[in-house]
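Below are the chains, spelled out letter by letter.
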Amino acid sequence: MNHKKMLFSFLLSLGLIFASAQVSPAQVKSTSKFSRIEQPLSLRLLVTLGGLGLIGAEGWWFLFSKTKSQRASTSQGIQELEIVVDGGYTPDSILVNLGQPVRLNFLRKDPSSCLEKVLLPDFHKALDLQLNKTTSVEFTPTQAGEYTFHCGMNMFRGVVKVQESN
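Residues numbered from 1 in each chain as written. Predicted model: local features only at pLDDT ≥ 70, side-chain atom pairs only at ≥ 80, totals over all residues. Heavy atoms only, no water.

**Q** Would you mind showing me how to read the nonpolar core here?
**A** General note: in soluble globular proteins, nonpolar side chains tend to be found buried as a group. Core analysis: the biggest nonpolar cluster contains 24 residues, and Y89, L104, F106 and F149 have the highest contact counts within it. Mapped onto this core, the elements with two or more residues apiece are β3 (78–85), β5 (93–97), β6 (102–108), β7 (117–120), β9 (134–139), β10 (145–151) and β11 (157–163). With sequence-adjacent residues up to four places away left out, L104 is seen in contact with L81, I83, I94, L120, T135, S136, V137, F139 and V160. (Core = buried A, V, L, I, M, F, W, Y, C linked by side-chain atoms within 4.5 Å. Buried < 20%, exposed > 50% of the residue type's maximum accessible area, 1.4 Å probe, protein only. Helix = DSSP H or I, 4+ residues; strand = E, 2+ residues; numbered from the N terminus. Contact = heavy atoms within 4.5 Å.)

**Q** Quick question: what am I supposed to make of the state of the cysteines here?
**A** Linking two cysteines covalently through their sulfur atoms gives a disulfide. Across all of its chains, the model carries 0 disulfides by this definition. The structure places no disulfide on C114, whose sulfur is separated from the nearest cysteine sulfur, that of C151, by 3.0 Å. Residue C151 is classed as buried on the basis of its relative accessible area of 0%. (Disulfide = S-S within 2.5 Å.)

**Q** What am I meant to see in the environment of P101 here?
**A** Within the secondary structure, P101 sits in the loop between β5 and β6. Considering only alpha carbons, one finds P101 and T142, 41 residues apart in sequence, at a separation of 9.7 Å. In contact with P101, other than residues within four places in its own chain, are G77, I78, Q79, F139 and T140.

**Q** Which parts of the structure should I look at to understand a nonpolar patch on the surface?
**A** Residues L7, F10, L11 and I55 make up a contiguous nonpolar surface patch of about 350 Å² in total accessible area. With 3 residues, the single largest contributor to the nonpolar patch is helix α1 (residues 3–20). Looking at where L11 falls in the secondary structure, it is placed in helix α1. According to the relative accessible area criterion, L11 is partly exposed, its value standing at 38%. (Patch = residues over 30% accessible without salt bridge, like charges linked within 9 Å, V, L, I, M, F, W, Y side chains within 5 Å. Areas by Shrake-Rupley, 256 points an atom, 1.4 Å probe, with all protein chains shown as cover. Salt bridge = Lys/Arg side-chain N within 4 Å of Asp/Glu carboxyl O.)

**Q** Teacher, can you tell me more about the pairing of strand β8 (residues 125–128) here?
**A** Along any regular strand the residues' side chains alternate between the sheet's two faces. Pairing of β7 with β8 involves 4 bridges; the strand directions are antiparallel. The partner of L120 across the bridge, within β8, is K125. Hairpin connection from β7 to β8: 4 residues lie between these consecutive antiparallel strands, with H124 at a positive phi of about 55°. (Pairing = 2+ DSSP bridges.)

**Q** Hey, could you run me through the pattern of salt bridges in this one?
**A** A side chain with one charge may pair with a side chain of the opposite charge, provided their charged atoms come close. Across all of its chains, the model carries 5 salt bridges by this definition. Between E38 and R44 there is a salt bridge, and its shortest N-O distance comes to 4.0 Å. For R103, the salt bridge goes to E138, with nearest N and O atoms at 2.7 Å. With R103 in strand β6 and E138 in strand β9, this residue pair connects regions lying 35 residues apart in the sequence. Judged by its relative accessible area of 43%, E138 is partly exposed.

**Q** When you look at the packing of aromatic side chains in this model, what are you seeing that I'm missing?
**A** Aromatic ring pairs are reported here in terms of the distance separating the ring centres and the angle at which the planes meet. Summed over the entire model, instances satisfying the criterion amount to 5 aromatic pairs. Ring centres of Y89 and F149 lie 5.1 Å apart, and the angle between their planes is 70°; on these two criteria the pair is classed as edge-to-face. Within this pair, whereas Y89 is found in strand β4 (residues 89–90), its partner F149 is found in strand β10, the two being separated by 60 residues in sequence. Residue F149 is classed as buried on the basis of its relative accessible area of 0%. The interplanar angle of 25° and the centroid separation of 4.0 Å between the aromatic rings of F123 and F139 together place this pair among those described as stacked. Of this pair, F123 sits in the loop between β7 and β8 while F139 is found in strand β9, placing the two residues 16 residues apart along the sequence. The two residues F123 and F139 agree in class, both being buried. Following the ring pairs from residue to residue traces out a cluster consisting of Y89, F106 and F149. (Phe/Tyr/Trp six-rings, centres within 6.5 Å; stacked < 30°, edge-to-face > 60°.)

Keep in mind that these numbers describe shape and distance, not what the molecule does.
Encoded structure:
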């Protein structure tokens, strides 16, 4: 199902929920000392549209926002890049060249237990990251493609994009 159909279905069901949730004043039993304040339709629409806008912004942020890739710098024949581990990986998308050694330096600043380990399954590497220290991993990619790395719980992810050198 494409995203437009999913969004339409979501908005339609949200409208049905709001339409069925209205209660007439005759159905409300006045048992408390609070009285119902009737809000103008324009205000209710504004609040509903604002909420939908925030839901849409959150969905875009988590589903469609793309981070820019950062190319590893080459020094003495080794492609090297520092990755800060703080609520995720920054950068989380790394560009490297095929057939050249790669060194990724993970600097862990986040004390959460989820980020105390990083796994690079395609390169058969697993690292324990110490807090406020840099831990390095080296590998040489032999095939072009995208290779993921992730935390121990697979909640935070990054990708190493291996390209043929020009």
